[in-house]
2 protein chains.
Amino acid sequence: MTRELPIAGQPPAERADAARNRQKIIEVAARMIATHGADNLSLDEVAREANVGVGTVYRRFGDRTGLIYALIDAQEREFQAAFMTGPPPVGPGAPPAERVRAFLHALVDRKVSQRELFLQLESGPPSARFGGPYRVHHTHLATLLAQARPGADARFLADALLAPINASLISHQQSERGMTAEAIKTGMDDLLRLL
Amino acid sequence: MTRELPIAGQPPAERADAARNRQKIIEVAARMIATHGADNLSLDEVAREANVGVGTVYRRFGDRTGLIYALIDAQEREFQAAFMTGPPPVGPGAPPAERVRAFLHALVDRKVSQRELFLQLESGPPSARFGGPYRVHHTHLATLLAQARPGADARFLADALLAPINASLISHQQSERGMTAEAIKTGMDDLLRLL
DNA sequence: AGACTAACCGGAGAACTCTCCACTTACAAG
DNA sequence: CTTGTAAGTGGAGAGTTCTCCGGTTAGTCT
């Protein structure tokens, strides 16, 4: 008897068939990326493989970037929970400067581990790059920086610290210059120490 | 009698008809961008407008990004000449720290003034983003930084300073947060002062 | 149960980027 | 001037992303 009760002023819940399709599409896309790589992901092919029309994919996810983002979303929620309400040093409790450092390290790890997906996401339209997650990261970082470095332009500084942690730069540093994730984190530490 | 003399060991010069077509394509593309915006540039349409097959466009410029780059190239050459051999403070003669600052300011201006083109270029494949110009800028900046801040990891630092000066972030800062080019330069100055 | 309707579905098709290759042409050499 | 050929040409077509909309269905209400 788990009927969906209508909630006043709430957008109507997703229909059961639609939810099934969304799930199926995400599964298929994840599988196809695992085998063929994210840059060869064709939404036509995803639709075919999921036994769904291509229109359905677009209705559910808006565009290519939207689907990519859906694949990132689960980890992004975890990440946000970690720095908003999780344990120190990344969560509240530690001194701001330390939280900044922990946050940037965690972000580097995140970009490295989902490198391919972020590469796709970041080559989409700017709205995708700076919407949602970026805004949250930026606000969070700017708040910490305002505490750690009163007087500085925290918002610009946040942009400036976030900017080097982008998938295509990291990818370039790793493949073209042989840097490891650790080396990148060390670099960020140096940068922070200088500040 | 201005015949092209063959130069030993040199790749053969571009044929006259090919040069004409290249020129025509660039002109048409520039005009179409001026009227319709860079993100609505269709290479099919450029080809049609230039009375040329689409194959010719691709033979000349490789891909979409290649054509975009050709439109940026003239100013890029000027820019590189300015910081390699031009007058101080951006050119040689001024102290390294000052040259760094002048270089970053000039780069901000450049990205702002050709914002649309860079936006296109930077949303292409990473090879386009970090090929050619980036490599030159990075090498130049790293060299200056090695002099100005001996002991620091100049190469990483160069990446980190170049990263915030990217077209889509700048575009976002301008349109979404109302920052001017001056505000961005001021922010970079603050960052440099902290270092 | 039956009917109503908002949400959903699928696939044709428009618009684009890029590849391929049979044909054409500029131009250096004889 | 003629000729050989490397360079250049153009457009058909493959493979994408995304839009549109007539037909279908899940879930609710009586």
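What counts and how
- Residues numbered from 1 in each chain as written.
- Chains lettered and ligands numbered in written order.
- Predicted model: local features only at pLDDT ≥ 70, side-chain atom pairs only at ≥ 80, totals over all residues.
- Heavy atoms only, no water.
- Least-squares fit on C-alpha atoms with pLDDT ≥ 70 in both.
- Contact = heavy atoms within 4.5 Å.
- 1 Å grid on protein atoms, 1.4 Å probe; cavity = no way out; pocket = protein on both sides within 12 Å on 5 of 7 lines; lining within 4 Å.
- Points joined across faces, edges and corners; volume = space filled by probe spheres on them.
- Helix = DSSP H or I, 4+ residues; strand = E, 2+ residues; numbered from the N terminus.
- Nonpolar A, V, L, I, M, F, W, Y, C, P; charged D, E, K, R; others polar.
- Buried area = accessible area lost by both parts, 1.4 Å probe.
- Salt bridge = Lys/Arg side-chain N within 4 Å of Asp/Glu carboxyl O.
- Polar contact = N/O pair within 3.5 Å; in protein donor to acceptor, adjacent residues only side chain to side chain.
- Near = heavy atom within 4 Å.
- pLDDT = per-residue confidence, 0-100.
- Core = buried A, V, L, I, M, F, W, Y, C linked by side-chain atoms within 4.5 Å.
- Buried < 20%, exposed > 50% of the residue type's maximum accessible area, 1.4 Å probe, protein only.

## Brief notes about the relation of the copies chain B and chain A
Then, in step 1: In the superposition of chain B on chain A (RMSD 0.1 Å, axial shift 0.0 Å), the rotation amounts to 180 degrees. What the rotation and shift describe, once combined, is the action of a two-fold rotation axis.
Then, in step 2: Both copies present the same face, since 100% of the interface residues in chain B are matched by interface residues at the equivalent positions in chain A.

## As for empty space enclosed by the protein
Then, in step 1: One pass over the structure, following the stated rule, counts four cavities of 30 Å³ or more.
Then, in step 2: Quantified by volume, the largest cavity comes out at close to 260 Å³.
Then, in step 3: Around the largest cavity sit 19 residues that line it, and B:Lys111, B:Glu122, B:Arg129, B:Tyr134 and B:Ile165 are the ones nearest its centre.
Then, in step 4: Mapped onto the lining of the largest cavity, the elements with two or more residues apiece are helix H5 (96–113), helix H6 (115–122), helix H7 (126–130) and helix H8 (133–148) of chain B.
Then, in step 5: Residue lining of the second largest cavity: A:Gly187, A:Asp190, A:Leu191, A:Leu194, B:Ala152, B:Asp153, B:Phe156 and B:Leu157, and that is the complete set.
Then, in step 6: Secondary-structure elements contributing two or more residues to the lining of the second largest cavity are helix H11 (181–194) of chain A together with helix H9 (154–162) of chain B.
Then, in step 7: Considering each element in turn, the lining of the second largest cavity owes the most residues, four residues, to H11(A).
Then, in step 8: Of the residues contributing to the lining of the second largest cavity, the split by class is five nonpolar, one polar and two charged.

## Some thoughts on the interface of chain B and chain A
Then, in step 1: Listed as interface residues are 30 residues of chain B and, on the opposing side, 30 residues of chain A.
Then, in step 2: Contact between chain B and chain A buries roughly 2700 Å² in total, counting both sides, with carbon and sulfur atoms accounting for 67%.
Then, in step 3: Joining chain B to chain A, the criterion identifies two salt bridges.
Then, in step 4: The salt bridge partner of B:Arg177 is A:Asp159, with a shortest N-O separation of 1.9 Å.
Then, in step 5: At the junction of chain B with chain A, the criterion picks out eight residue pairs in polar contact (both at pLDDT 80 or more).
Then, in step 6: Breaking the side of chain B that touches chain A down by element, the ones donating at least two residues are H7, H8, H9, helix H10 (167–177) and helix H11 (181–194) of chain B.
Then, in step 7: Partitioning the side of chain B that touches chain A into residue classes produces 15 nonpolar, seven polar and eight charged.

## Overview of unusual backbone geometry
Residues and elements named next belong to chain A.
Then, in step 1: Cis peptide bonds are those with omega within 30 degrees of zero, and the linkage from Pro-88 to Pro-89 qualifies with 5 degrees.
Then, in step 2: Assignment of secondary structure puts Pro-89 in the loop between helix H4 (64–85) and helix H5 (96–113).
Then, in step 3: Positive phi outside glycine occurs at Asn-51, with the angle close to 55 degrees.
Then, in step 4: Within the secondary structure, Asn-51 sits in the loop between helix H2 (43–49) and helix H3 (54–61).

## What about the protein's contact with DNA strand C?
Then, in step 1: As a structural note, the neighbourhood of DNA strand C is formed by 25 residues, with A:Asn21, A:Gly53, A:Thr56, B:Tyr58 and B:Arg64 the closest of them.
Then, in step 2: A distance of 2.8 Å separates a phosphate oxygen of DNA strand C from a polar atom in the backbone of B:Arg64.
Then, in step 3: Those elements that place two or more of their residues in the surface near DNA strand C are helix H1 (16–36) and H3 of chain A together with helix H1 (16–36), helix H2 (43–49) and helix H3 (54–61) of chain B.
Then, in step 4: Here the element with the most residues in the surface near DNA strand C is H3(A); it accounts for five residues.
Then, in step 5: A breakdown of the residues in the surface near DNA strand C according to their chemical character gives nine nonpolar, six polar and 10 charged.

## A word on the confidence of the model for chain A
Then, in step 1: Of all residues in chain A, 94% attain a pLDDT of 70 or more, and the chain-wide mean is 91.
Then, in step 2: Within the model, the stretch residues 1–9 of chain A combines pLDDT values under 50 with one contact to residues more than four positions away or in other chains.

## Some remarks on the nonpolar core
Then, in step 1: Residues A:Leu104, A:Leu141, A:Leu161, B:Leu104, B:Leu141 and B:Leu161 are the most contacted members of the largest nonpolar core, which totals 64 residues.
Then, in step 2: Of all hydrophobic cores here, the second largest spans 23 residues; its members include B:Val28, B:Ile33, B:Ala38 and B:Leu117.

## With respect to the protein's contact with DNA strand D
Then, in step 1: Residues in contact with DNA strand D amount to 26 residues; listed here are only the nearest, A:Tyr58, A:Arg64, B:Asn21, B:Thr56 and B:Arg59.
Then, in step 2: When the atoms of DNA strand D within 4 Å of the protein are grouped by moiety, sugar and phosphate amount to 70% of the total.
Then, in step 3: For DNA strand D, a phosphate oxygen lies 3.0 Å from a polar atom in the backbone of A:Ala16.
Then, in step 4: At a separation of 3.0 Å, a phosphate oxygen of DNA strand D approaches a polar backbone atom of A:Leu43.
Then, in step 5: Listed by contribution, the elements that provide at least two residues to the surface near DNA strand D are H1, H2 and H3 of chain A together with H1 and H3 of chain B.
Then, in step 6: Considering every element that reaches the surface near DNA strand D, the biggest residue donor is H3(B), with five residues.
Then, in step 7: The residue makeup of the surface near DNA strand D, split by class, is nine nonpolar, six polar and 11 charged.

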